[in-house]
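# Coordinate analysis (summary)
Given next are the chains, with one letter for each unit.
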Amino acid sequence: MRARSAWRPAQGEPAVTLLLRHGQTPMSVEKRYAGRSDVPLTETGLAQAAAAAKRLASAGIGVIVASPLQRTVQTAEAVAAVTGLPVMADDGFRETDFGDWDGLTFAEVRERWPSEMTAWLADPAVAPPGGESFAEVSERVTAALHRVLAGQAGKRILIVSHVTPIKTLVAAALLAPPPALFRMHLDVAALSEIDWYADGPAVLRSFNDTAHLKA
């Protein structure tokens, strides 16, 4: 029997998600794990959020959804201010809970938990001490996506989130394996865009777009 092609024409109008990472924070400057740490944006981060908002003002957004953490809410509120839309919080889009590693750098974690970090990097089912695994993150982010997309065919939805959830959605759209998360770089205040079709296919239209930050 001939194998079916993985590509097939999509049916209907897609729901479009514009994925915006929050602006700069003190912890992102120092490249520290910031999971549930509820840190605010820096002055630069606020300016980045404003730049993203200016770009998105005419993007035809109909819905704004954000992680409930302060840094994402502040970024989403900048867009809300120019679109007149409310910000809806969804805990499913929060960042990974890094547990005992929260607030530390990669080098600090590798020094204190070398074997745990090796296991974490090798297996998406392994969680940091006291935290959650990438497999668990994927499950809740996917569930949140389904909630957001329900009944939204043909609409443009802004999701303001964090590195891991956005990379998780990109990997899901591309049918990429979990290790693909480590091969993506996502800047602060970067935009990505994915079309989601009701009959299954997804199309990644852009990734890590920071053109609005270079003006």
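You'll find the structure just up there.
The following refers to the structure shown. Note that the structure is a prediction, hence the values are computed from the model and not measured. (Residues numbered from 1 in each chain as written. Predicted model: local features only at pLDDT ≥ 70, side-chain atom pairs only at ≥ 80, totals over all residues. Heavy atoms only, no water.)

## A few points about the overall build of the protein chain
If you tally the helices and strands in the protein chain, you get 7 helices and 6 strands. Listing each helix as α and each strand as β along the protein chain from the N terminus yields β-α-α-β-α-β-α-α-α-β-α-β-β. Over its C-alpha trace the protein chain gives a radius of gyration of 17 Å, about what one expects of a compact globule, namely 17 Å for 215 residues. For the protein chain, the residues scored as buried account for 47% of the 215 residues in total. (Helix = DSSP H or I, 4+ residues; strand = E, 2+ residues; numbered from the N terminus. Rg over C-alpha atoms; globule rule 2.2 N^0.38 Å. Buried < 20%, exposed > 50% of the residue type's maximum accessible area, 1.4 Å probe, protein only.)

## Points about the packing of helix H2 (residues 43-56) against helix H3 (residues 70-83)
Orientation of H2 relative to H3, taken along the N-to-C sense of each, is 40°, at an axis distance of 8 Å. Here the hand of the crossing between H2 and H3 comes out right-handed. Two secondary-structure elements touch here, H2 through Leu46, Ala49, Ala50, Ala53 and Leu56 and H3 through Gln74, Thr75, Ala78, Val79, Val82 and Thr83. Here the contact of H2 with H3 is built from residues that sort into 8 nonpolar, 3 polar and no charged. (Axes fitted to C-alpha atoms, helices over the stretch in contact; angles between N-to-C directions. Left-handed = near helix turned anticlockwise from the far one by under 90°. Contact = heavy atoms within 4.5 Å. Nonpolar A, V, L, I, M, F, W, Y, C, P; charged D, E, K, R; others polar.)

## Concerning H3
An α-helical turn contains 3.6 residues, so a residue and the one three or four places further along point in the same direction. Here H3 is 14 residues long and its end C-alpha atoms lie 20 Å apart, about the 20 Å a rise of 1.5 Å per residue gives. For H3, the full list of buried residues reads Arg71, Thr72, Thr75, Ala76, Val79 and Ala80. Its buried side turned inward, H3 meets strand E1 (15-21), H2, strand E2 (63-66), strand E3 (87-89) and strand E4 (156-161). A positive backbone phi angle near 80° is found at Gly84, which sits one or two residues after H3. (Expected span 1.5 Å × (residues − 1).)

## Points about the packing of aromatic side chains
A ring pair, where both rings are aromatic, is described by two values, the distance of the centres and the angle of the planes. On inspection of all chains with the given rule, the structure shows 9 aromatic pairs. Note on Trp120 and Phe182: the rings are 6.1 Å apart at their centroids and 80° apart in plane angle, and the pair reads as edge-to-face. Of this pair, Trp120 sits in helix H5 (residues 114-122) while Phe182 sits in the loop between helix H7 (163-174) and strand E5 (191-196), placing them 62 residues apart in sequence. Of the residues examined, Phe182 reaches a relative accessible area of 39% and is grouped as partly exposed. Each member of the aromatic cluster is reached from another via a ring pair, and the members are Tyr33, Phe98, Trp101, Trp113, Trp120, Phe134 and Phe182. (Phe/Tyr/Trp six-rings, centres within 6.5 Å; stacked < 30°, edge-to-face > 60°.)

## A word on the nonpolar core
Burial of nonpolar side chains together is a common tendency in soluble globular proteins. If you look at the biggest cluster of nonpolar residues, it comprises 25 residues, and the most contacted ones within it are Phe93, Ile157, Leu169, Ile194 and Trp196. Secondary-structure elements contributing two or more residues to this core are E1, E2, helix H6 (134-149), E4, H7 and E5. The leading source of residues in this core is H6, at 6 residues. Dropping the residues within four chain positions of it, Ile157 is found in contact with Ala15, Val16, Thr17, Leu18, Val63, Val65, Val148, Leu149 and Gln152. In terms of nonpolar packing, the next biggest core, distinct from the first, is built from 15 residues, Leu20, Ala80, Leu158 and Leu191 among them. (Core = buried A, V, L, I, M, F, W, Y, C linked by side-chain atoms within 4.5 Å.)

## A few points about the pattern of salt bridges
Throughout the structure, instances matching the rule amount to 9 salt bridges. Salt-bridge contacts for Arg32 lead to Glu30; the nearest nitrogen and oxygen are separated by 2.7 Å. Classification of Arg32 as partly exposed rests on a relative accessible area of 27%. The partner of Arg147 in a salt bridge is Asp90, with the nearest N and O atoms 2.6 Å apart. In this pair, Arg147 is assigned in helix H6 and Asp90 in the loop between E3 and helix H4 (106-112), connecting sequence segments 57 residues apart. Here Arg147 falls in the partly exposed class, since its relative accessible area comes to 48%. Three or more residues joined by partner-sharing salt bridges are found here, namely Glu30, Arg32 and Glu108. (Salt bridge = Lys/Arg side-chain N within 4 Å of Asp/Glu carboxyl O.)

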